Amino acid sequence: MATRGHAPKSAWELYRIAKRTGTWDPENIPLTQDRAHYQSLTPGMREQFTKVCALFYEGEVSVADTLAWFLVGFTEPDRRTFLSTQIFEEVKHAEFFRRYFKEVLENAGTSHYLVPEYRGVLLDELDSRGRAIGAAALAGDPAGLERAMVLGVAHYMGIVEGLLAVSGYDYFDEMLSTRGLFPGLQEAIRQIRIDEGRHIVHGMGYLRQRIAENADYAALVQQLFIEEGMKIPPRIDFAFHPNEFGLDQQRQQEIAYEHLTQRSREIGLAA
Ligand SMILES: [Fe+2]
Ligand SMILES: [Fe+2]
């Protein structure tokens, strides 16, 4: 779902859409051609392809594991209702990549691709955001909980989904669609992208609302976005070594900045 040019949807509307469209099954995507394509790649191409798949796999497992804290943290019933669909969808995304590594990528290891540029944002820092939400909720601290939720949503839905994942889809597009490679992965990405569109719309709607109510949050989220924006070049650099697919690194970097600016606009921080 494109986020640009659409009227903001409520959590309830997004829940209703998710009930109808978020029901695809990762088990039903054929992977036979993908396996043949993988075997036909050069070692350098395999490395470049596996690296990005590994970051998606690790990222999807991590967000699926962390999202329960957000279910605890949202105080509005409609947002909790929507989150129930998001948890189901994140688990399915992780399931798809687990299957992909087993059936296509020959059980390649993924953890050595978790370099510091990605490990923090995808795993450790995200885990800390979740635990901060849980601690504030258990302490019965509404102000602390709201602050932890604003930071948690900015990190999860703003950066992990709204910057890293969407930039990754564009990277896959450049790598695969023009060459007609990996039809199973392309179909899964098409479905995941639609699911993630709802997650981002919901998260940015939450941030827009909180920032409109409390101007202090604007500076808090802006700071986080600036810090993450500064990490775009080293993260892109990692994904382009090796670059046997011959992708355009500069263009990919511009796409990433564009996504971050778009998220800022959606929450009322940029014109
Ligand atoms: Fe996901
Ligand atoms: Fe998501």
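You'll find the structure just up there.
Residues numbered from 1 in each chain as written. Chains lettered and ligands numbered in written order. Predicted model: local features only at pLDDT ≥ 70, side-chain atom pairs only at ≥ 80, totals over all residues.

### Quick look at the nonpolar core
Argument step 1. In this structure, Cys53, Val150, Val153, Val160, Leu207 and Val221 are the most contacted members of the largest nonpolar core, which totals 72 residues.
Argument step 2. Considering every element that reaches this core, the biggest residue donor is helix H6 (residues 142-177), with 18 residues.
Argument step 3. The residues touching Leu207, leaving out its near neighbours within four places in the chain, are Val150, Val153, Ala154, Gly158, Val221 and Ile267. (Core = buried A, V, L, I, M, F, W, Y, C linked by C-beta atoms within 7 Å. Buried ≥ 20, exposed ≤ 12 C-beta atoms within 10 Å, placed from the backbone. Helix = DSSP H or I, 4+ residues; strand = E, 2+ residues; numbered from the N terminus. Contact = placed C-beta atoms within 7 Å.)

### Some thoughts on unusual backbone geometry
Leaving glycine aside, a negative phi is the common case for residues, and trans is the common case for peptide bonds.
Argument step 1. Residue Pro242 is reached from His241 by a cis peptide bond, and omega for that bond is 5 degrees.
Argument step 2. For Pro242, the location among the structural elements is in the loop between helix H9 (232-239) and helix H10 (249-266).
Argument step 3. A positive phi angle, close to 55 degrees, is found at Asn107, a residue other than glycine.
Argument step 4. The residue Phe182 is not glycine, and still its phi comes out positive at about 50 degrees.
Argument step 5. Examined against the element boundaries, Phe182 turns out to sit in the loop between H6 and helix H7 (183-213).

### A short note on the environment of Pro8
Argument step 1. Mapping Pro8 onto the fold places it in the segment before helix H1 (11-21).
Argument step 2. Separated by 14 residues in sequence, Pro8 and Gly22 have C-alpha atoms that sit 19 Å apart.

### With respect to the packing of helix H3 (residues 43-73) against helix H5 (residues 116-138)
In a pair of packed helices, the angle between the axes and the distance between the axes together describe the arrangement.
Argument step 1. Where H3 meets H5, the closest approach of the two axes is 9 Å, and the angle between their N-to-C directions is 10 degrees. Judged on the interaxial angle alone, H5 and H3 are roughly parallel. Contacts between H3 and H5 involve Leu55, Glu58, Gly59, Ser62, Thr66, Trp69, Phe70, Val72 and Gly73 from the first element and Tyr118, Leu122, Leu123, Leu126, Asp127, Gly130, Ile133, Gly134 and Ala137 from the second.
Argument step 2. Partitioning the contact of H3 with H5 into residue classes produces ten nonpolar, six polar and two charged. (Axes fitted to C-alpha atoms, helices over the stretch in contact; angles between N-to-C directions. Parallel < 35°, antiparallel > 145°, perpendicular 65-115°, else oblique. Nonpolar A, V, L, I, M, F, W, Y, C, P; charged D, E, K, R; others polar.)

### Concerning the packing of H3 against H6
Argument step 1. Between H3 and H6, the shortest axis-to-axis distance is 11 Å and the interhelical angle comes to 155 degrees. One finds that H3 runs roughly antiparallel with respect to H6. Crossing of H3 over H6 shows left-handed handedness. Taken together, the residues of H6 that come into contact with H3 (itself represented by Val52, Phe56, Gly59, Val63, Phe70 and Gly73) are Leu145, Ala148, Met149, Gly152, Tyr156, Val160, Leu164, Ala165, Gly168, Tyr171 and Phe172.
Argument step 2. Looking at the contact of H3 with H6 residue by residue, the class counts come to 13 nonpolar, four polar and no charged. (Left-handed = near helix turned anticlockwise from the far one by under 90°.)

### Thoughts on H10
Argument step 1. Helix length check: H10, at 18 residues, gives a terminal C-alpha distance of 26 Å against a target of 26 Å (1.5 Å per residue), a fit within 8%.
Argument step 2. Buried within H10 are the following residues: Ala256, His259, Leu260, Arg263, Ser264 and Glu266.
Argument step 3. Those residues of H10 hidden inside the fold are in contact with H6, H7, helix H8 (216-230) and H9.
Argument step 4. Directly after H10, the chain includes Gly268, whose backbone phi takes a positive value near 85 degrees. (Expected span 1.5 Å × (residues − 1).)

### Points about the environment of His241
Argument step 1. Mapped onto the elements, His241 comes out in the loop between H9 and H10.
Argument step 2. For the pair His241 and Phe182, spaced 59 residues apart in sequence, the C-alpha to C-alpha distance is 21 Å.

All we've got here are geometric facts, nothing functional implied.
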